[in-house]
Amino acid sequence: MDAAEYKHVVLGLIFLKYISDAFEERHAQLETERAQGADPEDPDEYRRDAIFWVPPEARWPHLKAQAKQPGIGQLVDDAMAGIERDNPALKGVLPKDYARPALDKARLGQLIDLISNIKVGDEASRAKDVLGRVYEYFLSQFAGAEGKKGGEFYTPRCVVKLLVEMIEPYHGRVYDPCCGSSGMFVQSVEFIRAHSNGNGNGGRARADISIYGQESNYTTWRLAQMNLAIRGIDGQIAQGDTFHSDRFPDLKADFILANPPFNISDWGGERLRDDPRWRYGTPPPGNANFGWVQHMVHHLAPAGVAGFVLANGSMSSNQSGEGEIRKALVEADLVDCMIALPGQLSYSTQIPACLWFLRRDKSRLPSPAGRGAGSEGSASRAATDRRGQVLFIDARKLGRMADRTHRELTDADIARIAGTYHLWRGETHVNPEDVDGRSAYEDIPGYCKSAELEDIRKHGHVLTPGRYVGAVAQEDDGEPFADKMQRLTAQLREQQAEAAMLDAVIAANLRELGYGG
C-alpha cells in the first residue's frame, strides 16, 4: 500500500480515536452524575458541550475488542457510517472503505492496537491540541512521502505561519479559494488563540472569524473537513472547481490566504475569456497564475488584504499578457509587499516560490479593533500611509535544512520577516529583538527595500525583490585603501608568475609526449 492510500486509512482512524476519546471522557463523567439526573446515553448531553455523539457500534473499546477479527474492516465502516448518521456536520466526510479486500485486515487490527495506546482526545490532550499536532505531523509526513502529489494538499507549516503572521486575521471573513487540507484556517485560529492573552502561550479565546474555503479534489475536501472538526473549528468548506463553479460568488473577504497550484495549464481558461473577475486583463489559457490572483482581488473587501504563494515566474513573466496584468495590478496600487522565499520549502515542487501581498487600502490597517482579545489595543497599531509604495523583502538566504531535501523557516526568521513588514506599516507592537533591535522601519541592503511606484516602473513592473534590495553591505575591515590595493596587486603578480610557471611545465610535458606542436 503506498502512502497516498495509507494516508486515508490512518487519518480516518485517528479522527475516530479522537472523537471517541472525547466521548468516553464525557460518558464517564455523566455516569458519576446519574444521581443528579444525567443520562450518559442522551446525545444532547454531548452536543451541548460541542462533543460529537458516538453511537455504541462506533465506540473505540468496541472496535479494539474486535481488532483481531477478520471482519474488523466492516466494523470500522459501520462505525464511520454511524457517526455520520448521528452527526450531520460530518455527513459525507468520513472514509468508509476499510472493508475493501485490498486492505490487509491483520495490519488494520495492528494499527487499531497501536492507536489505542495514544491518548489524544481527553480534555488535557485537547487543551494542548495533541491530536491537531499529530494530525498535522501525519499530513506533512505523507506529503513528503507522496512527493508532488502529496504537496497538493499540504502547504508547509512555516509558510502558512508566515502568511498568517503577516496579515494577522484577527476577526472577519477569512477565505481560501484552494484550501487543500485547511492548513491556512487552522493556523489562523491558532494565531488568534496564541495572541489572545498577549504572550503567545495558547490562550483559549474564541476565534472571531468566519471561514470560507473551496477545494476541487473530493478526497482532499474530506481531509479539510476532518482537519477542522478535530480542532472544533466551524467553517464553510465547499467542494468544486473555483474558476468554473465559484461557491461563494458574492463573498467579499477581509483576509484571503492561499497556496494555489503553480502554473496549471488545464484550468479551462479559454472558456472564461469574458469573466468579470479579469478586471486587470484576461489571464492566458495556458497558465492560471494570474487567474488565481484576479480571483482573489475580485473577492477582496474594500479594506481587505490577501497573502498567497506563487511561482517566482509570476514576478517577472511577460508571456501571453502576464506582464500587462502585473503592470495593471501595480498601477492600481494593489501590491503591498513581495517576498522572495528560500528554495526547497515545498513538498510539491522544486520551483522557487514567492509570497504576494495585495491590499486595497494601503493608507490604513484592516483590523481597527486591535489584536486578539483586547490585551493589545488599537493604539499599538497606528498605520503609516503606504500608498504608492511596495515593500520588497529578499528572504532567500533565511531558513535551515529540516531534512536532507527540505528547508524550513525558523520562528526567528518568521518573526523577523513579519516584524519588518509591520514596522513598515507603522505598527508599534513589534518586538525589537525580532527585527535586529529596530523600533522603526529602515531599508536594509540585501534584505528589504521600500520602493516607490516610479522605481518599479523603471524596472518594467518586474517585482523580483532582488532587483530592489541591492547587495548586502560589506563590513569595513579597517585596512586603508592604498595598502589594500598594494597588497592585492602584489598577490595578483605572484599568482600570474605561478600561472606562467605552470604553463611552462605543462608545455614541457606535452613536448616529451610528442605533442610539442
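For clarity, every value in this text was computed on a predicted model and none was experimentally measured.

Participant: Describe the overall build of the protein, naming the residues involved and giving the relevant values.
Facilitator: Per the secondary structure count, the protein includes 17 helices and 11 strands. Burial analysis of the protein (517 residues in total) assigns 51% to the buried set. For the protein, the share of sequence-separated contacts (at least 6 apart) that also reach a separation of at least 24 residues comes to 71%. Carbon and sulfur atoms make up 49% of the accessible area of the protein, which totals about 24000 Å².

Participant: How would you summarise the packing of helix α4 (residues 72-86) against helix α5 (residues 105-116) if you had to cite specific residues and measurements?
Facilitator: Any two packed helices are characterised by how steeply their axes cross, that is the angle between the axes, and by the distance between the axes. Direction vectors running N to C along α4 and α5 enclose 55°, while the axes themselves pass 9 Å from each other. Comparing their axes, α5 and α4 come out oblique. Contact residues: Ile72, Gly73 and Val76 in α4; Lys105, Leu108 and Ile112 in α5. Here the residues of the contact of α4 with α5 are counted per class, giving four nonpolar, one polar and one charged.

Participant: Please set out the environment of Asn318 residue by residue, giving values where relevant.
Facilitator: Structurally, Asn318 is set in the loop between β5 (300-311) and α13 (322-331). As for Asn318 and Gly460, which are separated by 142 residues in sequence, their C-alpha atoms are 9.9 Å apart. Once you skip the residues sitting within four places of it in the chain, Asn318 turns out to touch Gly323 and Arg326.

Participant: An account of the packing of aromatic side chains is needed here, citing residue identities and associated values.
Facilitator: Inspection of every chain in the model, using the stated rule, returns 16 aromatic pairs. Taking the centre distance of 6.2 Å and the plane angle of 75° together, the rings of Tyr175 and Phe248 count as edge-to-face. You can see Tyr175 sitting in strand β1 (residues 171-176) and its partner Phe248 sitting in the loop between β3 (236-239) and β4 (253-258), a full 73 residues away along the chain. For Phe248, a relative accessible area of 11% corresponds to the buried category. Centroid distance Phe290 to Trp356: 6.0 Å. Interplanar angle 85°. Geometry classified as edge-to-face. Pair noted here: Phe290 is in helix α12 (residues 289-298) and Trp356 is in strand β7 (residues 353-359), with a separation of 66 residues, a long-range link. With respect to class, Phe290 is no different from Trp356; both count as buried. Grouping aromatic residues by their ring pairs yields a cluster made of Phe243, Trp267, Trp278 and Trp292. Between Arg416 and the ring centre of Tyr447, over which it is positioned, the NZ or CZ distance is 4.0 Å.

Participant: Please provide a residue-by-residue account of the nonpolar core, values included.
Facilitator: Judged by nonpolar contacts, the single largest core of 93 residues is most densely connected at Leu13, Met166, Ile339, Leu355 and Ile417. At 12 residues, the largest contribution of residues to this core is made by helix α1 (residues 3-32). What Ile339 contacts, discounting residues up to four positions off in sequence, is Met166, Cys354, Leu355, Phe357, Ile393, Ala395, Ile417 and Pro465. The next biggest cluster of nonpolar side chains, apart from the first, holds 42 residues, and it includes Tyr212, Ile256, Trp267 and Leu329.

Participant: Outline the sheet that holds β4, supporting the account with residue identities and numerical values.
Facilitator: Pairing within the open sheet is mixed, and its nine strands lie in the order β3-β2-β1-β4-β5-β7-β6-β8-β11. Two strands bound the open sheet, and with one partner strand each, they are β3 and β11 (448-452). Taken pair by pair, the neighbouring strands of this sheet meet at an average axis angle of 15°, ignoring direction. Relative to strand β2 (residues 208-215), β1 runs parallel, the two being bridged by six bridges. When the bridges of β2 are listed, Asp176 appears paired with Gly213.

Participant: With reference to specific residues and values, describe a nonpolar patch on the surface.
Facilitator: Judged by side-chain polarity, Ile506, Leu510, Leu513 and Tyr515 come together as a nonpolar surface patch covering roughly 460 Å² of accessible area. Note on placement: Leu513 falls in the segment after α17 (481-512).

Participant: Describe the pattern of salt bridges, naming the residues involved and giving the relevant values.
Facilitator: All chains considered together, the criterion is met by 26 salt bridges. Measuring nitrogen to oxygen at the nearest pair gives 3.0 Å for the salt bridge that ties Arg59 to Glu41. Linking Arg59 in the loop between α2 (44-47) and α3 (60-65) with Glu41 in the loop between α1 and α2, this pair joins segments that are 18 residues apart in sequence. Residue Arg59 is classed as buried on the basis of its relative accessible area, which comes to 11%.

Participant: So what's going on with the side chain of Asp86? Residues and values would help.
Facilitator: For Asp86, the position within the fold is in helix α4. Among the residues examined, Asp86 registers a relative accessible area of 17% and is labelled buried. Separated by 3.3 Å, the side chains of Asp86 and Trp53 make a polar contact.

Participant: Tell me about the packing of helix α9 (residues 157-167) against helix α14 (residues 411-424), residues and numbers included.
Facilitator: Running from amino to carboxyl end, α9 crosses α14 at an angle of 25°, the nearest separation of the two axes being 9 Å. The angle between α9 and α14 places the two elements in the roughly parallel class. You can see that α9 and α14 cross each other, and the crossing is right-handed. Residue-level contacts link Cys158, Lys161, Leu162, Glu165 and Met166 of α9 to Asp411, Ile414, Ile417, Ala418, Tyr421 and His422 of α14.

Participant: Describe in detail the confidence of the model for the protein, supporting the description with residues and values.
Facilitator: Confidence along the protein averages 85 in pLDDT terms, with 86% of residues attaining 70 or more. Every residue in residues 198-205 is under pLDDT 50, and counting partners more than four places away or in other chains gives 17 contacts.

Participant: Describe in detail α14, supporting the description with residues and values.
Facilitator: If you check α14, its first and last C-alpha atoms are 20 Å apart, about what 14 residues at 1.5 Å a residue would give, namely 20 Å. The buried fraction of α14 amounts to 11 of the 14 residues, a majority that puts the element mostly inside the structure. Of all the residues in α14, the buried ones are Asp413, Ile414, Arg416, Ile417, Ala418, Gly419, Thr420, Tyr421, His422, Leu423 and Trp424. Its buried side turned inward, α14 meets α9, β6 (335-340), β7, β8 (389-394) and β11. Positioned one or two residues after α14, Gly426 has a phi angle of 90°, which is positive.

Conventions used here
- Residues numbered from 1 in each chain as written.
- Predicted model: local features only at pLDDT ≥ 70, side-chain atom pairs only at ≥ 80, totals over all residues.
- Heavy atoms only, no water.
- Helix = DSSP H or I, 4+ residues; strand = E, 2+ residues; numbered from the N terminus.
- Buried < 20%, exposed > 50% of the residue type's maximum accessible area, 1.4 Å probe, protein only.
- Contact = heavy atoms within 4.5 Å.
- Areas by Shrake-Rupley, 256 points an atom, 1.4 Å probe, with all protein chains shown as cover.
- Axes fitted to C-alpha atoms, helices over the stretch in contact; angles between N-to-C directions.
- Parallel < 35°, antiparallel > 145°, perpendicular 65-115°, else oblique.
- Nonpolar A, V, L, I, M, F, W, Y, C, P; charged D, E, K, R; others polar.
- Phe/Tyr/Trp six-rings, centres within 6.5 Å; stacked < 30°, edge-to-face > 60°.
- Lys NZ or Arg CZ within 6 Å of the ring centre and 35° of its normal.
- Core = buried A, V, L, I, M, F, W, Y, C linked by side-chain atoms within 4.5 Å.
- Pairing = 2+ DSSP bridges.
- Patch = residues over 30% accessible without salt bridge, like charges linked within 9 Å, V, L, I, M, F, W, Y side chains within 5 Å.
- Salt bridge = Lys/Arg side-chain N within 4 Å of Asp/Glu carboxyl O.
- Polar contact = N/O pair within 3.5 Å; in protein donor to acceptor, adjacent residues only side chain to side chain.
- Left-handed = near helix turned anticlockwise from the far one by under 90°.
- pLDDT = per-residue confidence, 0-100.
- Expected span 1.5 Å × (residues − 1).

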